[in-house]
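Each chain, written out:
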Amino acid sequence: MSQGSPDHADHADQDRPDLVVVGSGFFGLTVAERCATELGLKVLVIERRYHLGGNAYSEIDEETGIEVHKYGTHLFHTSNKRVWDYVNRFTDFTNYQHRVFAKYQGQVYSFPMNLALINQFFGKAHTPDEARALIAEQSSEIATEDATNLEEKAISLIGRPLYEAFVKGYTAKQWQTDPKELSADIITRLPVRYTFDNRYFNDTYEGLPVDGYTAWLTRMADHPNIEVRVDTDWFDVQDEFKGLVPVVYTGPVDEYFDNCEGRLSWRTVDLEQETVDVDDYQGTGVVNANDQDVPWTRVLEFKHLHPERTYLPGKSIVVHEYSRFAEDDDEPYYPINTAEDRAKLLKYRDLAKKEPLVLFGGRLGTYKYLDMHMAIGSALSMYDNKLKPHFADGVPLTSGGVDE
């Protein structure tokens, strides 16, 4: 060290953590918890927001007692038993099963598209075989292999009537783009169930944390070896750690490299929250707005996520959700993933491999939309394959880690 005495240098080394995790979402907290609990490492978690938990953060509204998901509705589901067993160390789950409804031209339909929606929309009772034949006939207008854009691809899968009612307007709002201008690759399939099953997810395990997301996330970080610093920007403190200790970075990969290859593009959402003077505003947690002339994409009502709780009578909290392109200061949600984005990402992956002692993970660090269970599973894989071998067995840390 060029400054100070050897004693000061030794003291600085003693105070330095074994691992720095940038970002306290599910990916970062899973890495931190595993390294602290299993390997006894001293872990510093750096979080630029005022709270831990990333976009899964929730808080209880003081007036109504309703748990509000501050960054949109978060619903836990997985078929990965290892992930399910892991998360159950920190929280119990309710038996909540998510169901979504879709509003179109003044009527509300069961969603995803199923036998109930088909019967209601076409005004006639169909057997499963009759419904299959109907959709097959309507979708025969365009062959899937001939589809050149999202609209044609969707029509080739479900037919024009269902596309125009339940895909066209919603997609145009989600992407701020006419579906004729969107790539056919955006949709690989549009599931239609030929039963009355209206459960939104098909996973083996599903539920919501009994006492909320923030309680769950706080328990993950509640370890004597873990320090969480909120309101701290990694780029303000990086010189204290870069090249000196391993870093798991879960922020935007382009921002890490000062956008040197150009910014990656994202969608974001605006959430307009209001407290309404009714016990029940819409009868369910999520209602999609499929009419193109309705500006929001969906309406959220959080009290329906926890019907087992007691709430202040006569009040509910409703959030209207709007989708748009993310600007520089917006919270990124969904990667747009254009050909230009993919070309930039490859360049950032090459840079990541050359960055000493840094692993990139999570939704922002990999430029992938990851559900919560996917982020946790990916973090457990990074722990198994990179962090544990390095810290426990002395295997050199190979930088990068940005998923292909």
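Scroll up to find the structure.
Fair warning: this is a prediction, and the values are worked out from it, not measured in the lab.

Undergrad: Please set out the overall build of the chain residue by residue, giving values where relevant.
TA: Secondary structure assignment for the chain yields 14 helices and 16 strands. Considering only C-alpha atoms, the chain reaches an extent of 85 × 55 × 35 Å along its principal axes. Within the chain, the fraction of its 404 residues that count as buried is 52%. Partitioning the contacts of the chain with sequence separation of at least 6, the portion at a separation of at least 24 is 73%. With the model as given, the accessible surface of the chain reaches about 19,000 Å², and the carbon-plus-sulfur share is 47%. Put simply, the chain has 41 plus and 67 minus side-chain charges, and the middle of one group is 4 Å from the middle of the other.

Undergrad: Which residues make up the layout of surface pockets, and what values do they have?
TA: Computed from the structure, the second largest pocket encloses a volume of approximately 390 Å³. Lining the second largest pocket are 16 residues, with Glu-255, Arg-263, Glu-327, Asp-328 and Asp-330 sitting closest to its centre. Partitioned by chemical class, the residues of the lining of the second largest pocket number 5 nonpolar, 2 polar and 9 charged.

Undergrad: An account of the side chain of Thr-94 is requested, with residue identities and associated values reported.
TA: Inspection of the secondary structure assignment puts Thr-94 in the loop between helix H3 (81-87) and strand E6 (100-104). On the basis of relative accessibility, which here comes to 14%, the residue Thr-94 falls in the buried class. A polar contact of 3.3 Å, which involves the side chain of Thr-94, links it to the backbone nitrogen of Tyr-96.

Undergrad: Could you give an account of the packing of helix H4 (residues 115-122) against helix H5 (residues 128-139), naming the residues involved and the relevant values?
TA: It is at 11 Å that the axes of H4 and H5 come closest, and there the two elements cross at 70 degrees. By the angle between their directions, the pair H4 and H5 is classed as roughly perpendicular. Crossing geometry of H4 relative to H5 is assigned as left-handed. In this structure, H4 uses Leu-115, Ile-118 and Phe-122 to contact H5, whose residues at the interface are Pro-128, Ala-131, Leu-134, Ile-135 and Gln-138. Looking at the contact of H4 with H5 residue by residue, the class counts come to 7 nonpolar, 1 polar and no charged.

About the cut-offs
All residue numbers refer to positions counted from 1 along the written sequence of the respective chain. Totals for whole chains, interfaces and linings use every residue, but because this is a predicted model, local features are given only for residues with pLDDT of at least 70 and side-chain atom pairs only at 80 or more, for both listing and counting. Note: side-chain values were computed over all heavy atoms of the structure, leaving out hydrogens and water. In this text, helices come from DSSP runs of H or I with a minimum length of four residues, and strands from runs of E with a minimum of two, each type numbered from the N-terminal end. Note on exposure labels: buried denotes an accessible area under 20% of the residue type's maximum, exposed denotes more than 50%, and partly exposed covers the range between, all computed with a 1.4 Å probe on protein chains only. Whether two residues are in contact is decided by their heavy atoms: any pair within 4.5 Å suffices. Calculation of accessible area relied on Shrake-Rupley with a 1.4 Å probe; when residues are assessed, cover is drawn exclusively from the protein chains displayed. When charges are tallied, Lys and Arg are placed among the positive residues and Asp and Glu among the negative ones, while His and the ends of the chain are skipped. Each charge is placed at NZ for Lys, CZ for Arg, CG for Asp and CD for Glu. A 1.4 Å probe that fits but cannot get out identifies a cavity on a 1 Å grid over protein atoms alone, an open set with protein on both sides within 12 Å along at least five of seven lines counts as a pocket, and a residue lines either if it has an atom within 4 Å of a point. Grid points are joined across faces, edges and corners, and a volume is the space filled by probe spheres set on the points. Under the scheme applied here, ten amino acids are nonpolar (Ala, Val, Leu, Ile, Met, Phe, Trp, Tyr, Cys and Pro), four are charged (Asp, Glu, Lys and Arg), and all others, including Gly, are polar. For this analysis, a polar contact is any N or O atom pair within 3.5 Å, provided that within protein one partner can donate a hydrogen and the other can accept it, and provided that sequence-adjacent residues contribute only side-chain to side-chain pairs. Helix axes are fitted to C-alpha atoms over the stretch in contact, other axes to C-alpha atoms as well, and angles between N-to-C directions run from 0 to 180 degrees. Between 65 and 115 degrees an angle is taken as roughly perpendicular, under 35 as roughly parallel, over 145 as roughly antiparallel, and anywhere else as oblique. Should the near helix be turned anticlockwise from the far one by less than a right angle, the crossing is left-handed, and should it be turned clockwise, the crossing is right-handed.

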